[in-house]
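Observations on the three-dimensional arrangement
Residue strings, one per chain:
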Amino acid sequence: MKARHAAGESMNAIARELTSNCTPTAHGGAKWHAATVRKVLQQKAEEGVAVRL
């Protein structure tokens, strides 16, 4: 996720793909939103963790 965003892919595009691939959110939700992607990226950056989805 981090690499895709760094490569210029929008958070909306990442969210659409996660939703279309039926990737559940951290809380088991079915629909991803750009705000959720942003939050995941921010949290993982603060933790120093690379995110790959």
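Residues numbered from 1 in each chain as written. Predicted model: local features only at pLDDT ≥ 70, side-chain atom pairs only at ≥ 80, totals over all residues. Heavy atoms only, no water.

This part is about the overall build of the protein chain. From N to C terminus, the protein chain includes 3 helices and 0 strands. The secondary structure elements of the protein chain, listed N-terminal to C-terminal, are α-α-α. Put simply, the protein chain has 53 residues, and 25% of those count as buried. Here the analysis covers contacts within the protein chain between residues at least 6 apart in sequence; of these, 33% occur between residues at least 24 apart. Working note: accessible area of the protein chain is about 3800 Å², and carbon and sulfur atoms make up 53% of it. (Helix = DSSP H or I, 4+ residues; strand = E, 2+ residues; numbered from the N terminus. Buried < 20%, exposed > 50% of the residue type's maximum accessible area, 1.4 Å probe, protein only. Contact = heavy atoms within 4.5 Å. Areas by Shrake-Rupley, 256 points an atom, 1.4 Å probe, with all protein chains shown as cover.)

A separate point is the nonpolar core. If you look at the biggest cluster of nonpolar residues, it comprises 9 residues: Met1, Met11, Ile14, Ala15, Leu18, Trp32, Val37, Val40 and Leu41. Secondary-structure elements contributing two or more residues to this core are α2 (11-20) and α3 (34-47). The greatest single-element share of this core, amounting to 4 residues, is contributed by α2. In this view, Leu41 contacts Met1, Lys2 and His5; residues no more than four positions away in its chain are not counted. (Core = buried A, V, L, I, M, F, W, Y, C linked by side-chain atoms within 4.5 Å.)

Further remarks concern the confidence of the model for the protein chain. On average, the protein chain scores 86 in pLDDT, and the residues at 70 or more come to 81%. For the protein chain, per-element mean pLDDT is lowest for α3, which scores 84, and highest for α2, which scores 96. (pLDDT = per-residue confidence, 0-100.)

All right, on to α2 then. Among all positions in α2, only Met11, Ala13, Ile14, Ala15 and Leu18 are buried. In the stretch just after α2, Cys22 is the one whose phi turns positive, near 60 degrees.

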